[in-house]
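# Inside the fold
Residues per chain are reported as follows:
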Amino acid sequence: MTDQTTDLLASLDRIAELDSLQRDAAMRETSWILRASGDEIRRILQGILDRSPALGPIQDAFLAAVFRRVLARQSGAAAGATPLPLDDAILGQAAALYRHLGPPSVARPYLLCLLTGARTPWALATFSELIVADPPGDSTSVAAVFGPLFQHRDYDPAFLFPALLDGLKHVSLAAAILDLSNFVTRERIVPQHPAAGRSQEISLLLAGLVARLSQIESSPPATGPELEAFSRQAKEGISLAVSLCDALALIGDKSAVGKLYQAMELSHRRLRAEAAAALARLGEQAGQQVLLQLAAEPVIRLRVLAYADELGILDQVEDRFKTEQAKAEADLALWLAQPAQMGVPPSRCELVDSRQQAWPGYDEPVDCFLFRFVYEFGAAQFSNIGIAGPVTHAFAADLADLPPDDIYAAFAGWQAEHEDVYQLPVDGLSDPQRVDVLRLERRLREEGYDAIQPHTLGFFFGDKALVATATYQGQLGVAVADQLHCLWWPRRGSPRPIDSEAAYCIYKGRKLLRAFND
């Protein structure tokens, strides 16, 4: 064995005994795998296979780091690295290791990614066998292992189907399998939908889901763990129902029309749009009418426009829903509805400002839109300002009291990425940088600021700026001071005032937008 391979396997054996700094160092030392040879990767996988699968969580996390590196080596993801195609012997080790580690391992889904990333006949057939017999435990892992099959078209789906369709019995797999079936059909990689012979089974599955979702809509639990479980079930059910509707339309089985009408009667807008589009593809005029009506809903407007274009009825969509402003509103509503953001679309959006301006990262001026979005929760209300156009984003801090120029600046500063534009926390500065902080603190005091608490030191193409909380004329707020200016954002009673992050983004964004638009 090479010294590096030996050291890696030794780190696996003792990783749980190390402190956090040593573990981080051991993780970083796996970076050599990004340029490993096929023989070295084979030795790594075999060394892990030779060990007991009874791994603790720390060892499993280390294996995840190792497998990610192997996956990056396969794809050539490292800077300057070329892809390393893995032969079936190494892929066989990956398959054996997936079985060896078993369901407790959170690292093992990366091994399935090696199979789908390889896309060889043997790899695809083995992937289908493994994932149907022993699927990963969470939806994120399922999405990751199927990902390469959506990103490439250089494989033969005959090595996946029909075996992969046996995985429809697993709720965690069914949507991904159907989405892949729909993808290879829509992209004309196959002459016929892989599930064409199972349309009755798919129709019955849709009917069962619709009944379950209807029950959840009619009597959702009020609070507590039961509500969380119902929300998860609803999310999984809607995702699968959307895939089922698409599959039935692509298969072209008109006997499924009744089930699709039932799906279209549910309140969930995405599912209604999918059911309506499926019915329209099957020649049902009612589906076409509902689809056109749903263009009024910002959160699904872009999808409706795409379906209308595909169906040749885009000219029947009201013009006000096809404008750049309407599409920008849809972008923001869809972004807000993502689980990582608000999780649901806003109750309403109102245009605050729109303009065409030069924007960092674009060669030509772009249309920029600011919207006030509002959420209504009974008697309570939450609102803020979001942007769509060059970027789609909203801050946690309340931007409502700022003028449009500063709101645009906040988003431009947030988006800015350059090696000469960054900020550092004040507790990690070098001695010369601490001198800069003291100098800028003094400048703030000279301008009348008190109770100054430095937060970060910003660097903008050689200029330095101090971001600090302070009081000014008896009011608490955030200040940003550089050699020439002191900018001030007082707290105005909002529960989400401008914080240090938003303040520095406005500072950066002002400079950027002025430079670009001069």
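Since this is a predicted model, take the numbers as computed values, not measurements.

## A look at unusual backbone geometry
Backbone torsion omega between Phe 161 and Pro 162 reads 5°, so that peptide bond is classified as cis. Note that Pro 162 resides in the loop between helix 8 (139-151) and helix 9 (171-186). Even without being a glycine, Arg 188 presents a positive backbone phi close to 60°. Along the chain, Arg 188 falls in the loop between helix 9 and helix 10 (199-218). Here Arg 188 falls in the exposed class, since its relative accessible area comes to 74%.

## A word on helix 9
With 16 residues, helix 9 should cover 22 Å at 1.5 Å per step; its first-to-last C-alpha distance of 23 Å lies within 8% of that length. The buried fraction of helix 9 amounts to 12 of the 16 residues, a majority that puts the element mostly inside the structure. Every buried residue belonging to helix 9 is among Leu 173, Ala 174, Ala 175, Ala 176, Ile 177, Leu 178, Leu 180, Ser 181, Asn 182, Phe 183, Val 184 and Thr 185, and all of these are buried. In the stretch just after helix 9, Arg 188 is the one whose phi turns positive, near 60°.

## Here's the deal with the environment of Thr 82
Locating Thr 82 in the fold gives a position in the loop between helix 4 (57-75) and helix 5 (88-101). Looking at Thr 82, the relative accessible area reads 54%, which means it is exposed. C-alpha of Thr 82 to C-alpha of Val 317: the two residues are 235 residues apart in sequence and 47 Å apart in space. Other than its neighbours up to four places away in sequence, Thr 82 contacts Arg 73 and Gly 76.

## A word on the state of the cysteines
Here, the word disulfide means a covalent bond between the sulfur atoms of two cysteines. Under the criterion given, the structure shown has 0 disulfides. Summary of cysteine pairing: Cys 349 is not part of a disulfide, and the nearest cysteine sulfur, belonging to Cys 368, is at 17 Å. Take Cys 486: it sits in no disulfide, and the sulfur closest to it among the cysteines is that of Cys 505, at 19 Å. Overall, the relative accessible area of 22% leaves Cys 486 in the partly exposed class.

## A look at the environment of Asn 182
If you trace the backbone, Asn 182 turns up in helix 9. Asn 182 gets classed as buried once you look at its relative accessible area, which sits at 1%. Note: C-alpha distance between Asn 182 and Ile 251 (69 residues apart in sequence) is 9.0 Å. Ignoring any residue separated from it by four or fewer positions in sequence, one finds Asn 182 in contact with His 193, Ser 243, Asp 246, Ala 247 and Leu 250.

## Regarding the nonpolar core
The biggest cluster of nonpolar side chains holds 109 residues, and the ones touching the most others in it are Phe 67, Phe 127, Ile 131, Phe 146, Leu 160, Leu 164 and Leu 180. Sequence-distant contacts of Phe 127, that is, excluding residues within four places in its chain, are made with Leu 112, Leu 115, Thr 116, Val 145, Phe 146, Leu 149, Leu 160 and Leu 164. Ranked by size, the runner-up nonpolar core spans 34 residues in total, among them Ile 385, Ile 407, Trp 489 and Ile 506.

## Describing the sheet that holds strand 6 (residues 449-460)
Overall, antiparallel pairing links the 5 strands, which are arranged 5-6-7-8-9 in an open sheet. Two strands bound the open sheet, and with one partner strand each, they are strand 5 (421-425) and strand 9 (486-490). Each neighbouring strand pair of the sheet contributes to a mean axis angle of 25°, computed without reference to strand direction. Inspection of the sheet shows strand 8 (residues 475-481) paired to strand 9 by 5 bridges, in the antiparallel sense. Considered in strand 9, the bridge of Gly 477 is made with Pro 490. Seen against the sheet, helix 18 (residues 431-446) touches strand 5, strand 6, strand 7 (463-472), strand 8 and strand 9 and runs at an angle of roughly 135° to strand 6.

## A closer look at the sheet that holds strand 1 (residues 348-357)
The strand order across the open sheet formed by 4 strands is 1-2-3-4, and the pairing between neighbours is antiparallel. For this open sheet the edge positions go to strand 1 and strand 4 (393-394), each flanked by a neighbour on one side alone. Alignment of strand 3 (residues 380-388) against strand 4, held across 2 bridges, turns out to be antiparallel. Considered in strand 4, the bridge of Ile 387 is made with His 393. Packing of helix 16 (residues 324-336) onto the sheet brings it into contact with strand 1, strand 2 (366-377), strand 3 and strand 4, and relative to strand 2 it is tilted by some 50°. With respect to the sheet, helix 17 (residues 404-415) is in contact with strand 1, strand 2, strand 3 and strand 4, its orientation differing from that of strand 1 by roughly 80°.

## With respect to the confidence of the model for the protein chain
When pLDDT is averaged along the protein chain, the result is 92, and 97% of the positions lie at 70 or above. Mean pLDDT per element in the protein chain: helix 11 (residues 225-251) is the minimum at 82, and helix 16 is the maximum at 97.

## Digging into the side chain of Gln 59
Within the secondary structure, Gln 59 is located in helix 4. Gln 59 gets classed as buried once you look at its relative accessible area, which sits at 16%. Within the structure, Gln 59 has its side chain in polar contact with the backbone oxygen of Leu 12 (distance 3.0 Å). With residues near it in sequence (within four places) discarded, Gln 59 still touches Leu 12, Asp 13, Ile 15 and Ala 54.

What counts, and at which threshold
- Residues numbered from 1 in each chain as written.
- Predicted model: local features only at pLDDT ≥ 70, side-chain atom pairs only at ≥ 80, totals over all residues.
- Heavy atoms only, no water.
- Helix = DSSP H or I, 4+ residues; strand = E, 2+ residues; numbered from the N terminus.
- Buried < 20%, exposed > 50% of the residue type's maximum accessible area, 1.4 Å probe, protein only.
- Expected span 1.5 Å × (residues − 1).
- Contact = heavy atoms within 4.5 Å.
- Disulfide = S-S within 2.5 Å.
- Core = buried A, V, L, I, M, F, W, Y, C linked by side-chain atoms within 4.5 Å.
- Pairing = 2+ DSSP bridges.
- Axes fitted to C-alpha atoms, helices over the stretch in contact; angles between N-to-C directions.
- pLDDT = per-residue confidence, 0-100.
- Polar contact = N/O pair within 3.5 Å; in protein donor to acceptor, adjacent residues only side chain to side chain.

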